[in-house]
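Breakdown of the fold
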Amino acid sequence: MTDTTSKVIYMDNNATTRIAPEVLEAMMPYLTDLYGNPSSMHSFGGRVAPAIHAARQAIADLIGAEPEEIVFTSSGTESDSTAILSALQTYPEKNHVVTTRVEHPAVKNLCDNLDIFTGRKYHITRLHVNGDGTLDLQKYQDSLTDETAIVSAMWANNETGVIFPVEEMAQMANDRGILFHTDAVQAVGKIPIDLSSSAINFLSISGHKLHAPKGVGVLYIRKGTPFVPFLNGGHQEHGRRGGTENVASIVGLGKACQLAAAAMTEENTRVRALRDKLETGLLTTIPKALLNGHKELRLPNTANISFEYVEGEAILLHMNQHNICASSGSACTSGSLEPSHVLRAMGVPFTAAHGSIRYSLSIYNSEEEIDYVLATMPDIIAKLRAMSPFWEENS
Amino acid sequence: MWEYTEKVQEHFINPKNVGEIEGADGVGNVGSIACGDALRLTIKVDENKVITDAKFKTFGCASAIASSSVLTEMLKGMKLEEAKKLTNDDIAKALGGLPKEKMHCSVMGREALEAAIADYTGTILPMAQGEIVCECFGVTDLEVIRAIRENQLKSVEEITNYTKAGGGCGKCEKRLSQILTETVDDLPAQIKGVKKEKRMTSLEKIKKIEEVIEREIKPTLKKDGGDIRLIDVDGNFVTVSLLGACAGCHSSRTTLKDYVEKKLREQVLDSLVVEEDR
């Protein structure tokens, strides 16, 4: 066995991922010699344009889109804001937005503060989710009105990995003349996506969630979708997003998308098997451990498990002592005083919500690491439960 | 990640006195699982009114566990009369400090101690008799007032950091702000930190606040695409509205406290409390 005590066991890939070595290698020339501006009128600058072109093609290929439908941004958050605010400007006469209670803060906080950003009053429908994190499609359909400008629903949830049927939802929206946006930062690269026959108008991608660097994102805008830019400026991205291209990161994202396409089978077989082994192991060896989220309709890499009667931050810090990185939906880890809005929307009881741990894997995880985590977790939980005033009476 | 002192980490990883004393002389239960932290403190008191043993069981984060652990260490061998005087600040100091968002963990330790002593002496806890202000975390007005007085709290945010009140649905923020005004007004001048030579009429104060906002604060915020408007000055409470890029910005709270309030305190009156108009 390798020395796991000095090596970091990284199971927090829904937070961010390591840059793939191949990605870094592809980027390096554009961080060193090839520093030209693709808009320049000299051939030195012009030399970087084909690299951007190739990256755009690689991203389009991964999601079944056309290169012209890909707009580079700085992040998933920028893509989300751009899509939603564009739709609202496209339909100034409409005053209704449909979203869900479990969106990432990039969408949630934007929707919560639309009045401030737009100076107009919006009625927001925040769809409830079932106990397993899935949506009720009938209730979704009933929520759509003639006043609805846009629907924004995530493809896969960052905390639980639960997948929404966004293609079906987009079709329902389009049928009523409503634009549809999906925050797909957790889905892209982990599950196959084909937008060629989909009704989705906008889709957000974040580079650092799929082994590209931080600071680069994509907004997919389906052909024919009315669009109002968020960042105005130069003619970059055909006037859809001003600002000199983040060339190296764009090249890196292109490479990452190629790698993701090649690893798609591995992600959904080997990584899924590792996740399942971890999950089953934890749920069977540790009493009062519960799975959060639908067992099947889920990303292959994510396991969100609650250990009842113990608190998440305390668990994470003990894991940290063993160099294991993960996340928690507990109140204390966020600096807020309430546990994850996702788990609360699912109706996870407080006894479990405070003790939730999210393990999110990647193709870089090994079976040895899973074994190490499985060997380590029971003691951590037992130690904390031994000092929990709620454990004895409930065990 | 939180920045915990070595002392906090030490008490978290290897907590002292975990458990429950059988046949304890005093038991203090505070917090709940819904709140995200809870502590059961048990103490043994001898005939000389000295605490001879103390044990804890805690559900909570690292700072909650560390606060409980260090508290039991402090209590062992301590006279009951001295223990009654322990404050949350004493607990935090024994840990080499706590992140400000985690101060409520030290408050929980102190409240458990009070509950255990009350249990031993057979008296009713005065704090619990207050009126519940924060429904989410079950915090009474008396607890809030004491936290303000003992820790010289100057804003609703600080009250939340110390007592958790206002940290849930936020409905009680107005009431907290009111309690803050009343409590601060009652405090002697030296605690409020009011400098006598700076005594000025309300009109002078408002004029000065306006001047500093126009001359210094506005231009700085504008550089970042933001803006500010003075809404109201009521006693020492200054209500402003953050506009432009500041509106809805995640760090607007930091801008408000670490920049706007700081500037106004430096240049106008150091007891001013700046709040955002909502």
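Structure: above.
Residues numbered from 1 in each chain as written. Chains lettered and ligands numbered in written order. Predicted model: local features only at pLDDT ≥ 70, side-chain atom pairs only at ≥ 80, totals over all residues. Heavy atoms only, no water.

A short note on the overall build of chain A
- Looking only at helices and strands, chain A has 15 helices and 13 strands in total.
- The C-alpha radius of gyration of chain A comes to 22 Å, within 12% of the 21 Å expected for a compact globule of 395 residues.
- The principal-axis extent of the C-alpha atoms belonging to chain A is close to 70 × 50 × 35 Å.
- Put simply, chain A has 395 residues, and 58% of those count as buried.
- Put simply, 75% of the contacts in chain A that link residues at least 6 apart link residues at least 24 apart.
- Of the roughly 15100 Å² of accessible surface on chain A, a fraction of 54% belongs to carbon and sulfur atoms.
- In chain A, 31 positive and 44 negative side-chain charges are present, and the distance between their average locations comes to 2 Å. (Helix = DSSP H or I, 4+ residues; strand = E, 2+ residues; numbered from the N terminus. Rg over C-alpha atoms; globule rule 2.2 N^0.38 Å. Buried < 20%, exposed > 50% of the residue type's maximum accessible area, 1.4 Å probe, protein only. Contact = heavy atoms within 4.5 Å. Areas by Shrake-Rupley, 256 points an atom, 1.4 Å probe, with all protein chains shown as cover. Lys, Arg positive; Asp, Glu negative; His and termini not counted. Charge placed at Lys NZ, Arg CZ, Asp CG, Glu CD.)

Observations regarding the pattern of salt bridges
Residues and elements named next belong to chain B.
- A full pass over the atoms with the stated rule returns 35 salt bridges over all chains.
- With a closest N to O distance of 3.5 Å, Glu114 and Arg110 form a salt bridge. Of this pair, Glu114 and Arg110 both sit in helix α5 (residues 103–121), separated by 4 residues, roughly a single helical turn.
- Since its relative accessible area comes to 8%, Arg110 is described here as buried.
- A salt bridge links Glu114 to Arg146; the nearest nitrogen and oxygen atoms lie 2.5 Å apart. Remark: Arg146 occurs in helix α6 (residues 141–151) and Glu114 occurs in helix α5; sequence separation between them is 32 residues.
- Judged by relative accessible area, which is 15%, Arg146 ranks as buried.
- Linked through salt bridges whose partners overlap, the residues forming this network are Glu211, Arg215, Glu216, Lys263 and Glu266. (Salt bridge = Lys/Arg side-chain N within 4 Å of Asp/Glu carboxyl O.)

Describing the packing of aromatic side chains
Residues and elements named next belong to chain A.
- Enumeration over the complete set of coordinates arrives at 4 aromatic pairs over all chains.
- Ring geometry for Tyr35 against Phe44: centres 4.9 Å apart, planes inclined by 70°, an arrangement best described as edge-to-face.
- Measuring from centroid to centroid gives 6.1 Å for Tyr309 and Trp391, while their planes differ by 55°, and the two rings are tilted. Residue Tyr309 is found in the loop between β10 (302–307) and α10 (312–321), and its partner Trp391 is found in helix α15 (residues 391–394); the two are separated by 82 residues along the sequence. Exposure class is identical for Tyr309 and Trp391. Each is buried.
- In this arrangement the basic side chain of Arg18 is found over the ring face of Tyr364, its NZ or CZ atom lying 4.7 Å from the centre.
- One cation-aromatic arrangement involves Arg385 over Trp391; the distance from NZ or CZ to the ring centre is 4.1 Å. (Phe/Tyr/Trp six-rings, centres within 6.5 Å; stacked < 30°, edge-to-face > 60°. Lys NZ or Arg CZ within 6 Å of the ring centre and 35° of its normal.)

Structural measurements only, silent on function.
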